[in-house]
Amino acid sequence: NAGVCAFQIATRRMPRGHDTFGNYILSYLFMSHAAQGGGVAQWLPGVSHGMVSNWMFETQGGLFQLALLSVGELFRGVPFLPLYQLGMFADELLLLTGLWRLGRRFYSSPYTLFFVGIAATGSHFWANHVYFNHRLLTGIPMILSLLHDFLDTGSRLKLFLGINLLILQFMGNATYVVILIVAAVIVYFASYAWFFRSRWPVILSALRPNRRDLLWIPVNLVVFT
């Protein structure tokens, strides 16, 4: 993956396809605005004679792009195409890391885990349609892995990280991607609870609230603020 990313940057490969190229254009417009010190664009001039940007903002980028917008002035004059390619690489790295963490739970053979990783990264090739076969998949394995850790150990930190990553996947994604991600997580854990019914006492014990859970409320408020 790193080699492919380096090749794309070195050869100045542009994204193609209706959704991916449109996503690139939107990401560029928002990043250009942020790089000029204007923060997040509130409207887009020259698009249907100017329109509000809220619904375009929600589909314009993934986690890497959203992080760049918060420090946009640092990237004034930096070519955007390598940043876009690195954003895709960051998504793929998140997918692979999540697959590794989740796969260790179910596969005893490292060869099986290796080929599952190949299958997943190959299935989420993003050249033409950035949403259905890329942004839809990148965060799901890591979310499932973190929530598994919570159910096994009762760790509120893992629950905090898993839920926050789930919510962060909503930002910069099309609405239907959000619905599909939530549905995938619900169906997965419903199936897990059914097939591993013997683990219900452990699961219910992890879900039991305690007083320390109140401390996570202000932490979440600070993070999302």
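Quick note: structure is the one above.
Scope of this entry: the structure provided in the associated data block.

What follows covers the pattern of salt bridges. In this structure the tally under the stated criterion is eight salt bridges. A salt bridge links Asp 149 to Arg 105; the shortest N-O distance between them is 3.1 Å. Taken together, the residues Asp 149 in helix α8 (residues 140-153) and Arg 105 in helix α5 (residues 80-106) connect sequence positions 44 residues apart. Accessibility expressed as a relative area gives 14% for Asp 149, which makes it buried. Judged by relative accessible area, Arg 105 falls into the partly exposed class, the value being 31%. Here Arg 105 makes a salt bridge to Asp 152, at a shortest N to O gap of 2.5 Å. Of the two residues, Arg 105 is situated in helix α5 and Asp 152 in helix α8; the sequence distance between them amounts to 47 residues. The exposure class assigned to Asp 152 is partly exposed, which follows from its relative accessible area of 31%.

Turning to helix α4 (residues 63-70), a few remarks are in order. An α-helical turn contains 3.6 residues, so any two residues separated by three or four positions project in the same direction. Along α4, the residues that are buried comprise Gln 65, Leu 66, Leu 68 and Leu 69. Around the axis of α4, the buried residues are gathered within 160 degrees of arc, so they sit on the same side. Against the buried residues of α4 lie α2 (18-35), α3 (54-57) and α5.

In this section: empty space enclosed by the protein. The tally for this structure, following the rule as stated, stands at two cavities of 30 Å³ or more. Considering only enclosed or pocket space, the largest cavity measures out at about 100 Å³ in volume. In this structure, the largest cavity is lined by 13 residues; those nearest its centre are Phe 64, Gln 65, Tyr 84, Gly 87 and Arg 135. The set of elements that each furnish at least two residues to the lining of the largest cavity consists of α4 and α5. Top element by residues in the lining of the largest cavity is α5. It accounts for six residues. Partitioning the lining of the largest cavity into residue classes produces six nonpolar, five polar and two charged. A volume near 50 Å³ is recorded for the second largest cavity. If you go around the second largest cavity, the residues you meet are Gly 61, Gly 62, Leu 63, Asp 91, Arg 135, Thr 138, Leu 168, Gln 169, Met 171 and Asn 173. Taken together, the residues that form the lining of the second largest cavity break down as three nonpolar, five polar and two charged.

Counting residues in each nonpolar core, the largest one holds 40 residues, and the members touching the most others are Tyr 84 and Val 185. Listed by contribution, the elements that provide at least two residues to this core are α2, α4, α5, α8, α9 (156-168), α10 (175-195) and α11 (200-207). Residue contributions to this core peak at eight residues, all from α8. With residues up to four places along the chain from it excluded, the contact list for Val 185 reads Ile 143, Leu 144, Leu 147 and Leu 166.

Note that Gln 60 resides in the loop between α3 and α4. Taking relative accessible area as the criterion, Gln 60 reaches 0% and is therefore assigned buried. Residues contacting Gln 60, with those up to four places away along its chain left out, are Asn 23, Leu 26, Ser 27, Phe 30, Gln 65, Leu 66, Leu 69 and Gly 172.

Conventions and cut-offs
- Counting restarts for each chain: residues are numbered from 1 in the order of the written sequence.
- Local features are withheld for residues below a pLDDT of 70 in this predicted model, meaning they are given only at 70 or higher, and side-chain atom pairs are given and counted only at 80 or more; totals for whole chains, interfaces and linings count all residues.
- Remark: hydrogens and water are excluded; side-chain values derive from all non-hydrogen atoms of the structure.
- By salt bridge we mean one thing: a side-chain nitrogen of Lys or Arg within 4 Å of a carboxyl oxygen of Asp or Glu.
- Here a strand is any run of E in DSSP of at least two residues, a helix any run of H or I of at least four, and the numbering for each starts at the N terminus.
- Whether a residue is buried, partly exposed or exposed follows from its accessible area with a 1.4 Å probe, protein chains only, as a fraction of its type maximum: under 20%, in between, or over 50%, in that order.
- By definition, the arc is the one covered by directions from the helix axis to the C-beta atoms.
- Whether two residues are in contact is decided by their heavy atoms: any pair within 4.5 Å suffices.
- Buriedness for pockets is judged along seven lines, at least five of which must meet protein on both sides within 12 Å for an open set on the 1 Å grid over protein atoms alone, while cavities are sets there where a 1.4 Å probe fits but cannot get out, and lining residues have an atom within 4 Å of a point.
- Grid points are joined across faces, edges and corners, and a volume is the space filled by probe spheres set on the points.
- Throughout, the ten residues Ala, Val, Leu, Ile, Met, Phe, Trp, Tyr, Cys and Pro are labelled nonpolar, Asp, Glu, Lys and Arg are labelled charged, and all others, Gly among them, are labelled polar.
- Among buried residues, those of type Ala, Val, Leu, Ile, Met, Phe, Trp, Tyr and Cys that are joined through side-chain atoms within 4.5 Å constitute a nonpolar core.

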